Amino acid sequence: MLNKSSPEDTLRSLGLMTLGSRLKRLGERLQAEAQPILSELAPPVAAGQHPLLAALSKHGALTVGELAALLGVAQPGITRAVGQLAGIGLVAVTTAAEDGRRRLVSLSPDGEAFVAAAREGVWLRVEKAVADLCAGFGDELLAHLGSIEDGLARRPLTARAGEDREK
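Basis of the calculations
Residues numbered from 1 in each chain as written. Predicted model: local features only at pLDDT ≥ 70, side-chain atom pairs only at ≥ 80, totals over all residues. Heavy atoms only, no water. Helix = DSSP H or I, 4+ residues; strand = E, 2+ residues; numbered from the N terminus. Expected span 1.5 Å × (residues − 1). Contact = heavy atoms within 4.5 Å. Axes fitted to C-alpha atoms, helices over the stretch in contact; angles between N-to-C directions. Parallel < 35°, antiparallel > 145°, perpendicular 65-115°, else oblique. Nonpolar A, V, L, I, M, F, W, Y, C, P; charged D, E, K, R; others polar. Pairing = 2+ DSSP bridges.

### Side note on helix α7 (residues 122-133)
Taking 1.5 Å as the rise per residue, α7 with twelve residues should run 16 Å; its terminal C-alpha atoms sit 16 Å apart, in good agreement. Buried residues in α7 make contact with α2 (19-38), α3 (50-59) and α6 (109-120).

### Considering the packing of α3 against α6
Between α3 and α6, the shortest axis-to-axis distance is 10 Å and the interhelical angle comes to 110°. Classified by the angle their axes make, α3 and α6 are roughly perpendicular. Along its contact with α3, which presents H50, L53 and S57, the element α6 presents F114, V115 and R119. For the contact of α3 with α6, the residue count by class is three nonpolar, two polar and one charged.

### Details of the sheet that holds strand β2 (residues 91-95)
The sheet built from three strands is open, its strands ordered β1-β3-β2 with antiparallel pairing. Where the open sheet ends on each side, the last strands, each with one partner, are β1 (62-63) and β2. Across two bridges, the pairing between β1 and strand β3 (residues 103-107) is antiparallel. Directly across from L62, in β3, lies its bridge partner V105.

If you want it as structure tokens, here you go:
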């Protein structure tokens, strides 16, 4: 019977088997809690789209494929985000001069102003809030996450699970 005063967190209790689900839940919660802070800027932009704007600010004009690779996100998600950000005037999509088939995404002047304001205001506040949450272990956490990402890039989970079946 479920103890309603202190329900079990099933994802926690299942350990590493549900690590992906826990990380997804945590990511969604962090984005949801950051959203009211990020929405202080106009126009409001979804928390998940801020890294795309940061990438364009850092790297300049990029194709959808390049953005997807930089952010580790599937191209359809990037295409959708670019369409939304273009719709509110923060990015511009143009055809590459050297290859008419390539579409380049860049910050519009309004997008550049938005990123400058975000970088000096809400991004800094979110960064400080997450640093406070992770006080004493933030750098170690980021290093561990990097190790997991690198490990999956070297050898996917399916290969690792297949090795166990052969033993």
